[in-house]
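# Structural overview for review
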Amino acid sequence: MNPSPGVAGSNPDAYDKLEKLRKCFSDKTFNTSPISAYIIPHDDQHMSEYLAETDKRLEHISGFTGSAGTVVITMEKALLWTDGRYFIQAGEELLKPFELMKIEGPTSVTPGEWLASNLNSGERVGGDPALFSCAEWRKIKNELNSNAVQLIESNSNLVDHIWTNKPGRPINEVVILEDEYSGRPMGDKIMDVVAVMKDKKSDIHVVSELDNVAWLLNLRGTDISYNPVFFSFVIIQIVDEEVVVYLFIDQAKLSPAIVSHIFDSRICLKICDYSNVYTELSGMAKIESTKRVWISTTSNYKLLSLVPKNKRFLEPSIVTKLKSVKNAVEAKGMVNAHIKDGYALCSFLQWLEENMLKGTHLTEISAADKLQEFRSKEEGFRGLSFPTISSVGAHAAIIHYQPSSYTDAALSMEEIYLVDSGGQYLDGTTDVTRTVHFGNPCEFEKECFTRVLKGVISLNTAIFPANLKGNVLDSFARRALWDVGLQYGHGTGHGIGAHLCVHEGPIGVSWRPLPNDPGLDENMFISNEPGYYKENHFGVRIENIEQIIRVAPVYDTPHKFLTLKTITLCPIQTKLIDPNLLNAEELKWLNDYHEEIRQTLVPIAERKGNLALKNWLIKETEALMKS
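Residues numbered from 1 in each chain as written. Predicted model: local features only at pLDDT ≥ 70, side-chain atom pairs only at ≥ 80, totals over all residues. Heavy atoms only, no water.

Attention now moves to the overall build of the chain. A count of helical and extended segments in the chain gives 19 helices and 29 strands. The C-alpha radius of gyration computed for the chain amounts to 25 Å, which stays within 12% of the reference 25 Å derived for 627 residues, consistent with globular compactness. Every one of the 627 residues in the chain was classed for burial, and the buried ones make up 59%. In the chain, 71% of the contacts between residues at least 6 apart in sequence involve partners at least 24 apart. Summing over all exposed atoms, the chain offers an accessible surface of approximately 25100 Å²; the carbon and sulfur share of this is 50%. In the chain, which carries 64 positive and 81 negative side-chain charges, the distance between the mean positions of the two groups comes to 3 Å. (Helix = DSSP H or I, 4+ residues; strand = E, 2+ residues; numbered from the N terminus. Rg over C-alpha atoms; globule rule 2.2 N^0.38 Å. Buried < 20%, exposed > 50% of the residue type's maximum accessible area, 1.4 Å probe, protein only. Contact = heavy atoms within 4.5 Å. Areas by Shrake-Rupley, 256 points an atom, 1.4 Å probe, with all protein chains shown as cover. Lys, Arg positive; Asp, Glu negative; His and termini not counted. Charge placed at Lys NZ, Arg CZ, Asp CG, Glu CD.)

What follows deals with the sheet that holds strand 13 (residues 267-272). The mixed open sheet is built from six strands, whose spatial order is 13-12-11-9-14-15. The open sheet has two free edges, formed respectively by strand 13 and strand 15 (312-314), since each of these has just one partner strand. Mean inter-strand twist for the sheet, computed between neighbouring axes without regard to direction, equals 20°. Sheet topology places strand 11 (residues 233-239) next to strand 12 (residues 242-248); seven bridges connect them, and they run antiparallel. Paired with Phe233 across the bridge in strand 12 is Phe248. Those strands touched by helix 9 (residues 210-217) are strand 9 (204-207), strand 11 and strand 12, and its axis lies near 60° from that of strand 11. Contacting strand 9, strand 11, strand 12 and strand 14 (293-295), helix 11 (residues 277-286) crosses the sheet at an angle of about 20° to strand 11. (Pairing = 2+ DSSP bridges. Axes fitted to C-alpha atoms, helices over the stretch in contact; angles between N-to-C directions.)

Glancing now at the UniProt feature "domain: Creatinase N-terminal" (unreviewed entry) in the chain. Feature annotation in UniProt assigns "domain: Creatinase N-terminal" (unreviewed entry) to the following positions: residues 28-147. Measuring from the first to the last C-alpha atom of residues 28-147 gives 24 Å, for a span that is 28% helix and 21% strand. (UniProt positions renumbered as here; feature names shortened; annotations may be inferred.)

Let us now look at the UniProt feature "domain: Peptidase M24" (unreviewed entry) in the chain. Here the UniProt feature "domain: Peptidase M24" (unreviewed entry) sits at residues 333-545. Across residues 333-545, the secondary structure splits into 31% helix and 23% strand, with the terminal C-alpha atoms separated by 13 Å.

Within the largest apolar cluster, 84 residues are counted, with the highest numbers of intra-cluster contacts made by Leu115, Val125, Ile190, Val234, Ile235, Ile236 and Leu281. The residues touching Leu281, leaving out its near neighbours within four places in the chain, are Ile204, Val206, Ile235, Val293, Ile295, Leu303 and Val307. Tyr343, Leu486, Tyr488 and Ile604 belong to the second-largest nonpolar core, a separate cluster that totals 72 residues. (Core = buried A, V, L, I, M, F, W, Y, C linked by side-chain atoms within 4.5 Å.)

A few words on unusual backbone geometry. Of note, the amide linkage connecting Lys96 to Pro97 takes the cis form, showing an omega dihedral of 15°. Inspection of the secondary structure puts Pro97 in the loop between helix 3 (87-93) and strand 5 (99-103). Here the residue pair Gly505 and Pro506 is connected by a cis peptide bond, since its omega of 5° sits within 30 degrees of zero. Of note, Pro506 is situated in strand 24 (residues 504-509). For Asn467, which is not a glycine, the phi torsion comes out positive at approximately 75°. Considering the arrangement of structural elements, one finds Asn467 in the loop between strand 22 (464-465) and helix 17 (474-482).

So, in structure tokens, the structure goes:
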């Protein structure tokens, strides 16, 4: 793997930051022994994908704003690892002297492997153990050990030390998600967890992921943009059959109504300061009566390090699995949220087409703002679920492109427009991508789009046994592209929360094995989003959210089989489809899907008196025939 130098230009501030950070390598204030390298992951102490401003350490040091990456700094080198979603973006954003290291597949050299090969035996690498998952810390440690290089825990975070005017941690007030949306009272959820703890013979269970805490307590927050979560930890402890729940949080977030909400007679609740979680866990773990402490593999390593080795139970949190299988109320809410979101997105696309044909000057940002305006009119809307990817032409080839005042491009009748967006509603979270062309797409664009559509259909119609790992399904979505030598560099699907994080673990569909995937089950929700990206030209992606449902296979079997049901409601532009590349079953799937959209959304448009949208929906859902 050859590193590619950053192209954002020389930045004196970046060199100054690196010089200051490197001076810390030999400072015993930060490291008990001198280090030769320092690793900076894109994570906070809750392993969040999206970060509060105070936790954007990787961005502060390198300039890279993507949501996945790892920086390695040695005395001579500054390197960033990221995956195919961000190659173009990283190349544009990285500050010199940073170099891009591309993760292109399972054989790519990892940061730990690179360090083991480029440092001498006996040298040391530092890192903040609170910013690495247990699994990642152990993986890097093992890779370094292959050359007798040591991974040591830095006493404090080096980036924090050199970061002047670092933003503070937000202390926004949390709110209650009522049972009409959550479907299950907080106390019942906690007792579900306690039952599993007893089965696993665990005295203590640490819940560190922010969406897990929010789901467990039926609370929501605004500490991280686009994610209705709040900074907190929960520790559940069983002491002589008494259930004690410790909530570590800045108490300024808690109104009297919240304190009343989290009261349950079955539970002894103790509210502690957010920063005390490490001290409290260390003390609990040392108590002689504590036999087993359950730490999730996705919790940060500092938490694990505080537990004596003979008391550690390292396994994914049961909260993660319980959260991923939506209850009946959550499932109904997700479907309802997608009806509202579909109406908003279709309203936008109808408006967009009308204005493009009129010659109205529109840009990526003005289009994204208009889409948010349509969503904001829907009942229960609480904000976007992620920054809108509004991209035209070559920008659509940048998988996670976000327009800025510097890059904002005008929409064109001659180029593809890709919009990937979503909303947060009280009853559900949405994520949808549509690719459209307002002029005359070329034959290659149509072929690429059609092959992506074939992948969507192939995954949607797959029938598979319950508890199958999502990784097994990935090639279903890729085959039509592989058949002609095309490929895309991102996963095919991710879990999605119920008014929670738009990317929800532990499930997914990807070429990468997902080590914590418990297997797919009924009433999980996942995205289905193959794509194709021709660098510097165009990109296409179609994304639907799918509900996993039970299906009766042809033959009687004692085994449970599943399939996918699309809950996203927005037409797939037929102008971009070559119908001759679709077989009869695929053509029927498309026409049936469009008929469902027509039957669902046209009555809403009629009820709201939106004749223009009604006519657009009828036009866009007309049956497609082979030529």
